[in-house]
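# Reading the structure
Residue-level listing of the chains:
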Amino acid sequence: MSAIHLVDDSATMLMSMEMLLKRAGYTVTKSESAEAAMTALESISPKLIITDLNMPGMNGIELIKTLKQQSKFRFTPMLMLTTESQQTKREEAKRAGATGWLVKPVEPDQLIAVVKQLVP
């Protein structure tokens, strides 16, 4: 069973994503901020990280950029799940190391399909 780490400042979003992914058979850990994720990820090695873009403090792009500099996460897929859809933000995320970009609200089937592609 593959582990996925969720990062979002919305408790509702974390809860709904966790339920969806667990029903699909994944193990889920979660953080309510990029800073909390940095701490949590010191002791776990998920197969996929899904992060929001807009969060207080460090944003999702900064989180991805920071994690990709660590050898432990260099090849870990990282998805951006956000309400933002601007092409400039997408390009910035891609340069930081994001594997993909999904716009909220995302259809459950679409999310699971993308996750299955990244974590077979």
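Everything below is about the structure printed above this text.
These lines cover the structure that appears in this document, whether it is placed above or below. Note that the coordinates shown come from a computational prediction; the quantities given were computed from them, not determined experimentally.

Further remarks concern empty space enclosed by the protein. Going through the model one piece at a time under the given rule, you end up with 1 cavity of 30 Å³ or more. By volume, the largest cavity amounts to about 50 Å³. Elements represented by at least two residues in the lining of the largest cavity include exactly β1 (3-7), α1 (11-23) and β3 (48-51). Per-element accounting of the lining of the largest cavity gives the leading share, 3 residues, to α1.

Helix-helix packing: each pair is described by the crossing angle between the helix axes and the interaxial distance. Close contact between helix α3 (residues 60-68) and helix α4 (residues 87-96) brings their axes to 8 Å; oriented N to C, the two are set at 15°. It follows that α3 is roughly parallel to α4 by the angle criterion. Considering only the axes of α3 and α4, their crossing is left-handed. Of α4, the residues touching α3 (which contributes Ile61, Ile64, Lys65 and Lys68) are Lys89, Glu92, Ala93 and Ala96. For the contact of α3 with α4, the class distribution of residues is 4 nonpolar, no polar and 4 charged.

Residue position: Glu18 is located in helix α1. Glu18 has contacts with Leu6, Val28 and Lys30, leaving out every residue within four places of it along the chain.

On any regular strand, side chains alternate: one points to one face of the sheet, the next to the other face. Examined bridge by bridge, strand β4 (residues 78-82) and strand β5 (residues 100-103) share 4 bridges and lie parallel to one another. The residue bridging Leu81 from the neighbouring strand is Leu102, located in β5. For the crossover from β4 across α4 to β5, the handedness is right-handed.

The element β4 is extensively covered by neighbouring structure, given that 5 of its 5 residues are classed as buried. Judged by which residues are buried, β4 turns out to be covered on both faces: Met78, Met80 and Thr82 on one side and Leu79 and Leu81 on the other are all buried. Note that β3 and β4 share 3 bridges and pair parallel. The residue bridging Thr51 from the neighbouring strand is Met80, located in β4. Each parallel crossover has a hand, and for β3 linked through α3 to β4 it is right-handed.

How each quantity is defined
Numbering of residues starts from 1 in every chain and runs along the sequence as written. The predicted origin of the model limits local features to residues at a pLDDT of at least 70 and limits the giving and counting of side-chain atom pairs to 80 or more, whereas totals for whole chains, interfaces and linings rest on all residues. As a rule here, side-chain values cover all heavy atoms of the structure and leave hydrogens and water aside. Computed over the protein atoms alone on a 1 Å grid, cavities are sets of points where a 1.4 Å probe fits but cannot get out and pockets are open sets with protein on both sides within 12 Å along at least five of seven lines; a residue lines them when it has an atom within 4 Å of a point. Grid points are joined across faces, edges and corners, and a volume is the space filled by probe spheres set on the points. Only DSSP runs of H or I reaching four residues or more are called helices, and only runs of E reaching two or more are called strands; each is numbered from the N terminus. Under this scheme, a helix contributes an axis fitted over its contacting stretch, all axes are lines through C-alpha atoms, and angles between N-to-C directions fall in the 0 to 180 degree range. Working rule for angles: under 35 degrees goes down as roughly parallel, over 145 as roughly antiparallel, 65 to 115 as roughly perpendicular, anything else as oblique. Here a crossing is taken to be left-handed if its near helix is turned anticlockwise relative to the far helix by less than a right angle, and right-handed if that turn runs clockwise. Throughout, a contact is declared for two residues whenever any of their heavy atoms are within 4.5 Å. Residue classes follow a fixed rule: Ala, Val, Leu, Ile, Met, Phe, Trp, Tyr, Cys and Pro count as nonpolar, while Asp, Glu, Lys and Arg count as charged, and any other residue, Gly among them, counts as polar. Strands qualify as paired when DSSP identifies two bridges or more between them. A crossover gets the label right-handed when its path from the first strand over the helix to the second runs clockwise, viewed with the strands pointing away from the viewer. Each residue is placed in one exposure class: buried if its accessible area under a 1.4 Å probe, protein chains only, is under 20% of its type's maximum, exposed if it is over 50%, and partly exposed if it falls in between.

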